[in-house]
There are 2 protein chains.
Amino acid sequence: MTLLKSWVESANSADTLFPLNNLPYGVFSTPDLAPRCGVAIGDMIFDVHRAEIDGFIDLGTSLFAAPSWNAVMGHSPRIWDALRTRLMELLAEGAATMPDTLVAQADAVMHMPFNVAEFTDFYAGKHHATNVGTMFRGPDNALPPNWLHIPIGYNGRASTVVVSGTDIVRPNGQTKAPDAQMPSFGPCKRLDIELEMGAIVGGANTMGDPVSVQQADDMIFGYVLLNDWSARDIQAWEYQPLGPFQAKAFATSISPWIVTKAALDPFRTSTPAREKDLLPHLHEPGPMLYDIDLEVTMAPAGQPETTIARTNYNQMYYSAAQQLAHHATSGCAMNTGDLIGSGTISGPEKSQRGSLLELTWGGKEPMTLDSGEIRSFIEDGDTLTLRGAALGDGYKIGFGMCSGTIQPARKFPK
Amino acid sequence: MTLLKSWVESANSADTLFPLNNLPYGVFSTPDLAPRCGVAIGDMIFDVHRAEIDGFIDLGTSLFAAPSWNAVMGHSPRIWDALRTRLMELLAEGAATMPDTLVAQADAVMHMPFNVAEFTDFYAGKHHATNVGTMFRGPDNALPPNWLHIPIGYNGRASTVVVSGTDIVRPNGQTKAPDAQMPSFGPCKRLDIELEMGAIVGGANTMGDPVSVQQADDMIFGYVLLNDWSARDIQAWEYQPLGPFQAKAFATSISPWIVTKAALDPFRTSTPAREKDLLPHLHEPGPMLYDIDLEVTMAPAGQPETTIARTNYNQMYYSAAQQLAHHATSGCAMNTGDLIGSGTISGPEKSQRGSLLELTWGGKEPMTLDSGEIRSFIEDGDTLTLRGAALGDGYKIGFGMCSGTIQPARKFPK
């Protein structure tokens, strides 16, 4: 696969995140246009809502009446493929140009690309789990006994999944210092990120019916970048015995463009060799992880960004397909719009760690940013940004940014 | 408060679960009527969808266009009160009878009374937490250090909340015997119930804004019985470190009638005396728990029911209002349709335990049912039923049944 050419000139650069090969799906608005579905192409957005109304997209069913991609996601992979094929035709070099159907990304505001049904977050990066486990339980008990056998996950909160650019309010919560008699209540003091990928579920299974790993891969519609904002001090006090709760519930940010499984297909890669064989129900019939370069930057208010980590999605121990199959083992019904967080993506090197908890080793090794400021965790006014792209032969499949700026904690009501 | 009389004669018995004092909200259908909202009165259902169309209910906004109570729940408590007042007028003794607007409960099928937005389950019964903690971690570490300071909860799965009468498929899952080298995969062998109450959230808060305990109580619309079906063997293997996942994801049953906060008001009671003072953000400004008698029965296929536990909601250490306030401490957005499970309700006596895990002490003390059959956990074909009612002066505020029959596990797909 090489760069596919479009009549949208900005899509033909080797540096663009959004060549014709990509065609990711988002929801945008401008001062003149109410929120609607669009497709990124170069530095423009192709207004598919308008293209459908004008008759250029007609798959026998209305796809873009609402400002969300859930209608498309709820259709079969046959419709997913037909839509991508039609978009390729419409936007390819040599096709009739449609300048009235293009909006500059610079003029648009992005919205949530889909309505999140439920959000589940996993813990499937071995370097991350080992790092965190070492800090919390010591090196001998770093990985829990189940970790090599099932992708460990927990249900998160869908109501606070927000699109990149949404400010994040520092959470309040209850914490307890190890030497304190009683807990105390107030703003989080150890606010963190988790660099993740999010897999978006299109297909559904019937309650009671498990799915295979292949069926699970077929059910996945696409991927986004995902920042699982985390309050480490709240988490440490609350998480035993039933897992993280308010420490994760206040916000999860995602990038605005859903990169389809089809666009990522050339970048499929296998999960790593196993220390212990997985049971058959979790075997991957083919490569279901992806080679996607990822990075995190941090910028104090008014300061430039410093890159604080670079890693790759191919570091994960379990693919999203394995996670989704595990999620349905019990007969749990998975639905269109479910969002599956990969778990924090850390590599083996210190510079490849996907959370401040790991990068500063629990705050014991603070970072110095390019601006000279020192950080152990996130301070008010800081902006954290994730970026990601799969690197092809002379082209990129980019995700755009997943960014959020921290606002001070709210006063607690009397 | 004593029994309020209705022109629906069956509502005037001291034994009915649904006197005029109650007026719980459900969704029903008959062979002639598509699913629609209704109100239980005696052994009948008052068809509020029809009453609204006929102009007998007109609160200035359409409430019953859809077969769910979410539209009502999403309105303010002023509308909640106005609706209840109007229903009391229409159904009171002396009001014009409306026989065409009544359907016999015996002729109706009940459906989910509302669309569940998200489901959160708590662990707020001290007897239950102590019993389970003793079994899992020994008597000295039974209650985790945080337990007396915050209501411990975890996010559950909304997609598998089903109405009473829905069959429950035995889940598959991965388990590991303590002496086994490797885990194995197959149908759950330790299938259990958890007797709980469910609080249904009507009002919403804005993401980032915490709520007080009083605000949380004001946001609660009503209550149902809730059975948090649990796969104990799957849970034991998966729950460290991030909490229960597939062990709880396969099914949660609720009773079909939402009993409103207004109907339960005479039965408000305080949470118990505290060993350790709660921090101010969790103080109850008034009684927010309820005195509701509860029981569980078990019936093997073709056999009569045996009552296996009797307890009371007043045993809980935290009220639903405290749980909801805690849920929003971080700024987590709570929405119309959120469902909050109380946690298993066990009393201090063995006969008051709300799970088989506790009743049979992890299977070590099997129960003998009235039919002579012996049970440690639930077998295929068994029906488990919860019942509950608040007992007033010559009247009851009943919840109806929360029942489910176990079907064999499905074959896992190749």
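> An account of the pattern of salt bridges is needed here, citing residue identities and associated values.
All names here are of chain A. According to the stated counting rule, one finds 40 salt bridges over all chains in the structure shown. Here glutamate 194 and arginine 232 are joined by a salt bridge, their closest N and O atoms 2.9 Å apart. A residue pair is termed long-range when its members are at least 10 positions apart, and glutamate 194 in the loop between strand E12 (191-192) and strand E13 (195-201) and arginine 232 in helix H6 (residues 232-238) qualify at 38 residues. For arginine 232, a relative accessible area of 5% corresponds to the buried category. A salt bridge links glutamate 365 to lysine 350; the nearest nitrogen and oxygen atoms lie 2.4 Å apart. Here glutamate 365, found in the loop between helix H10 (356-359) and strand E23 (367-368), pairs with lysine 350, found in the loop between strand E22 (339-341) and H10; they are 15 residues apart in sequence, far enough to count as distant. When its relative accessible area of 36% is taken as the criterion, glutamate 365 is described as partly exposed. Classification of lysine 350 by relative accessible area gives partly exposed; the value is 38%. Ionic contacts of the salt-bridge type, sharing partners, join the residues Asp192, Glu194, Asp228, Arg232 and Lys248 into one network.

> Requested: an account of the relation of the copies chain A and chain B, with residues and values cited.
The two copies are related by a screw motion: chain A maps onto chain B through a turn of 180° and a shift of 0.0 Å along the axis, at an RMSD of 0.0 Å. Taken together, the rotation and translation describe the operation of a two-fold axis. Identified as the residue of chain A closest to the rotation axis by C-alpha distance is glycine 243 of chain A, at 2.2 Å. Here 100% of the contact residues of chain A are again contact residues in chain B; the copies associate through an equivalent surface.

> Let's hear about the interface of chain A and chain B: which residues, and what values?
Each partner contributes residues to the interface: chain A has 67 residues there, and chain B has 67 residues. For the pairing of chain A and chain B, the buried interface totals around 6000 Å² over both sides, and the portion due to carbon and sulfur atoms is 63%. For the chain A face of the interface with chain B, the top three residues by lost area are Arg157, Leu242 and Phe245 of chain A, together amounting to 14%. Linking chain A to chain B there are 6 salt bridges. The partner of arginine 410 of chain B in a salt bridge is aspartate 209 of chain A, and the shortest N-O contact between them spans 2.4 Å.

> Describe the domain arrangement of chain A, listing the residues and the values that go with them.
A common measure of how large an interface is: the accessible area buried when the components associate. All names here are of chain A. In terms of domains, chain A is made up of domain 1 (9-111) and domain 2 (119-407). In this assembly, 25 residues from domain 1 lie in contact with 27 residues from domain 2. When the buried area of domain 1 at its contact with domain 2 is split by residue, Tyr25, Met73 and Trp80 rank highest and sum to 29% of it. The interface formed by domain 1 and domain 2 includes 0 salt bridges. The residue inventory of the side of domain 1 that touches domain 2, partitioned by class, reads 15 nonpolar, 8 polar and 2 charged.

> I'd like to hear about the side chain of asparagine 70 of chain A, residue by residue, with values.
All names here are of chain A. Examined against the element boundaries, asparagine 70 turns out to sit in helix H2 (residues 70-73). Look at asparagine 70 and you get buried, because its relative accessible area is 17%. Polar contacts involving the side chain of asparagine 70 include one to the main-chain amide nitrogen of asparagine 115, which spans 2.7 Å. The contact partners of asparagine 70, leaving out residues within four places of it in the chain, are Phe114, Asn115, Thr336 and Gly337.

> Any chance you could break down the side chain of threonine 297 of chain A for me, citing the residues and the numbers?
Residues and elements named next belong to chain A. For threonine 297, the location among the structural elements is in strand E20 (residues 293-299). Since its relative accessible area comes to 2%, threonine 297 is described here as buried. Reaching out from threonine 297, the side chain makes a polar contact with the side chain of glutamate 305 at a distance of 2.4 Å. Here threonine 297 is in contact with Glu305, Thr306, Thr307, Ile308, Thr383, Leu384, Thr385 and Arg387, once residues within four sequence places are set aside.

> Requested: an account of the pairing of strand E25 (residues 383-391) of chain B, with residues and values cited.
Residue and element names in this part refer to chain B. Judged from the 7 bridges that link them, strand E20 (residues 293-299) and E25 form a sheet pairing that is antiparallel. Along E25, the bridge assignment pairs leucine 294 with glycine 388. Hairpin geometry of E25 and strand E26 (residues 396-407) is characterised by an intervening segment of 4 residues between the two adjacent antiparallel strands and by a positive phi of about 80° at glycine 394.

> Give me the lowdown on helix H3 (residues 77-91) of chain B, citing residues and values where you can.
With 15 residues, H3 of chain B extends 21 Å between its outermost C-alpha atoms, agreeing within 8% with the 21 Å of an ideal straight helix rising 1.5 Å per residue. Those residues of H3 of chain B lying buried are Ile79, Trp80, Leu83, Arg84, Leu87, Met88, Leu90 and Leu91 of chain B.

> Residues and numbers for the packing of aromatic side chains, please.
All names here are of chain A. Counted according to the given criterion, the structure contains 28 aromatic pairs over all chains. By way of ring pairs, the aromatic residues Tyr25, Phe64, Trp69, Trp80 and Phe221 are connected into one cluster. Across the ring face of tyrosine 317, the terminal group of arginine 274 is positioned such that the distance to the ring centre comes to 4.3 Å. Over the ring of tyrosine 318 we find arginine 274, and its NZ or CZ is 5.2 Å from the ring centre.

> Please give an account of the sheet that holds E25 of chain B that cites residues and values.
Residue and element names in this part refer to chain B. With respect to topology, 5 strands assemble into an open sheet ordered E9-E26-E25-E20-E21, the strand pairing being mixed. The open sheet terminates on both sides in strands that have one partner only, identified here as strand E9 (168-169) and strand E21 (306-312). As judged from the 6 bridges shared by E20 and E21, these two strands associate in the antiparallel manner. Bridge pairing links leucine 294 to threonine 311 in E21.

The rules behind these values
Residues numbered from 1 in each chain as written. Chains lettered and ligands numbered in written order. Predicted model: local features only at pLDDT ≥ 70, side-chain atom pairs only at ≥ 80, totals over all residues. Heavy atoms only, no water. Salt bridge = Lys/Arg side-chain N within 4 Å of Asp/Glu carboxyl O. Helix = DSSP H or I, 4+ residues; strand = E, 2+ residues; numbered from the N terminus. Buried < 20%, exposed > 50% of the residue type's maximum accessible area, 1.4 Å probe, protein only. Least-squares fit on C-alpha atoms with pLDDT ≥ 70 in both. Contact = heavy atoms within 4.5 Å. Buried area = accessible area lost by both parts, 1.4 Å probe. Domains from an automatic or database assignment. Nonpolar A, V, L, I, M, F, W, Y, C, P; charged D, E, K, R; others polar. Polar contact = N/O pair within 3.5 Å; in protein donor to acceptor, adjacent residues only side chain to side chain. Pairing = 2+ DSSP bridges. Expected span 1.5 Å × (residues − 1). Phe/Tyr/Trp six-rings, centres within 6.5 Å; stacked < 30°, edge-to-face > 60°. Lys NZ or Arg CZ within 6 Å of the ring centre and 35° of its normal.

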